Amino acid sequence: MFNKFKSAPNNANQEPEEVAEPVAPEEIVLVKEEVPAVPVAPATTPNVTPSATQQRGNGMMGMLQANVSKPSILSEGFYFKGELSAKGTIHVEGSLNGQVQVDELTIGSRGQVEGIVNCKIFHIKGRFSGTATCEELTVTSSATVDGHVVYKTLSVQKGASIKGELLLAK
Amino acid sequence: MNPTSKQNSVFIGEGVSFKGSINAPDEAVIEGQFDGDLTVSSLLIGQTGRVTGTIKADRVDVKGELNKDISSRQLLIVRSTGKVNGTLEYGEIEIERGGQVRGNMSQV
């Protein structure tokens, strides 16, 4: 089951590369990346690189995930029940019920998580109920939190709904 | 704006310690220490301010410390230097990164 999550972002990353091969300008980009040491190229380099970085930015869905490699995504409509443990990032747009142990957990605006969460960075845009232990907690305006959350750093946007207990970890 | 000159408002400066109850129709700005019951429309706790007691307000802005029973019917803002301990009741809440909140929370 878990492999399925992983394969989704992998495919997403492969697609642009497959498209890139037949198109001529993209091939130039690939060459350019090796070239910079050669002084002859600078005239064309600035024209090509911005488009390449833009494409990468769009591929990342415009999120602040520069240091995050390939989040595993539980997409909308997906219901997962059980125990989940991973290094890296999990993005939940569907429904997750159970125990989660992960480095970074993001509950998207349509996501729902119920149960016990153990993570370092916890972003809540959707619904969370249960018990969570994290270091960095971010609750955005669309979020609903119900339960027990232990945190070290906290930020809550105006409009968020929090019910239950917030505790500061020592 | 000098908060001491406002009508229907109260200002407790830094270094001042107050015990008792206050009922102010408008605003309370607390930079010192307050211990007791406070009913006010808008409560502002400065960085040096410490408030302990039963607080009832429409809007609360915390840069200092706020303890015990807090009821903020409209908006509660906890700034990055703010610390809130106790039972919280709020309409809307906003916590800046670094702000500390410990306790039971419920939405009105």
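Scroll up to find the structure this text is about.
Here the structure is a predicted model, which is why all the values come from computation and not from measurement.

What counts as what
Residues numbered from 1 in each chain as written. Chains lettered and ligands numbered in written order. Predicted model: local features only at pLDDT ≥ 70, side-chain atom pairs only at ≥ 80, totals over all residues. Pairing = 2+ DSSP bridges. Helix = DSSP H or I, 4+ residues; strand = E, 2+ residues; numbered from the N terminus. Contact = placed C-beta atoms within 7 Å. Nonpolar A, V, L, I, M, F, W, Y, C, P; charged D, E, K, R; others polar. Core = buried A, V, L, I, M, F, W, Y, C linked by C-beta atoms within 7 Å. Buried ≥ 20, exposed ≤ 12 C-beta atoms within 10 Å, placed from the backbone.

Undergrad: Any chance you could break down the pairing of strand S2 (residues 79-92) of chain A for me, citing the residues and the numbers?
TA: Look at any regular strand and the pattern is simple: side chains alternate between the two faces of the sheet. All names here are of chain A. In this sheet, S2 lies alongside strand S1 (residues 72-74) in parallel orientation, the contact comprising three bridges. Looking at the pairing, Ile73 lines up with His91 of S2. Examined bridge by bridge, S2 and strand S3 (residues 95-107) share 12 bridges and lie parallel to one another. Within S3, the residue paired with Ser85 across the bridge is Gln101.

Undergrad: Any details on the environment of Arg50(B)? Residues and values, ideally.
TA: By the element assignment, Arg50(B) lies in strand S4 (residues 50-52). In this structure Arg50(B) touches Gln33(B), Gly64(B) and Glu65(B), once residues within four positions along its chain are discounted.

Undergrad: Please set out the interface of chain A and chain B residue by residue, giving values where relevant.
TA: When the parts of a complex come together, some accessible area is lost, and that lost area is often taken as the interface size. The interface of chain A with chain B comprises 16 residues on the first partner and 16 residues on the second. Here the side of chain A that touches chain B is composed, by residue class, of seven nonpolar, six polar and three charged. Note: strand S8 (residues 153-168) of chain A against strand S10 (residues 100-107) of chain B, three bridges, orientation antiparallel. Opposite Glu165(A), over in S10(B), you have Asn104(B) as the bridge partner.

Undergrad: Lay out the nonpolar core with the relevant residues and their values.
TA: Within the largest apolar cluster, 57 residues are counted, with the highest numbers of intra-cluster contacts made by Leu105(A), Phe122(A), Val139(A), Ile162(A) and Leu43(B). Per-element accounting of this core gives the leading share, six residues, to strand S3 (residues 33-45) of chain B.

Undergrad: Lay out the pairing of strand S5 (residues 127-133) of chain A in plain terms, naming residues and giving numbers.
TA: Residue and element names in this part refer to chain A. With seven bridges joining them, strand S4 (residues 112-124) and S5 adopt parallel strand pairing. The residue of S5 that forms the bridge with Val113 is Phe128. Pairing analysis gives seven bridges linking S5 to strand S7 (residues 144-151), with the strands arranged parallel. Pairing of Thr131 across the sheet is with His148, part of S7.

Note that every value here comes from positions in space, so none of it alone points to a role or purpose.
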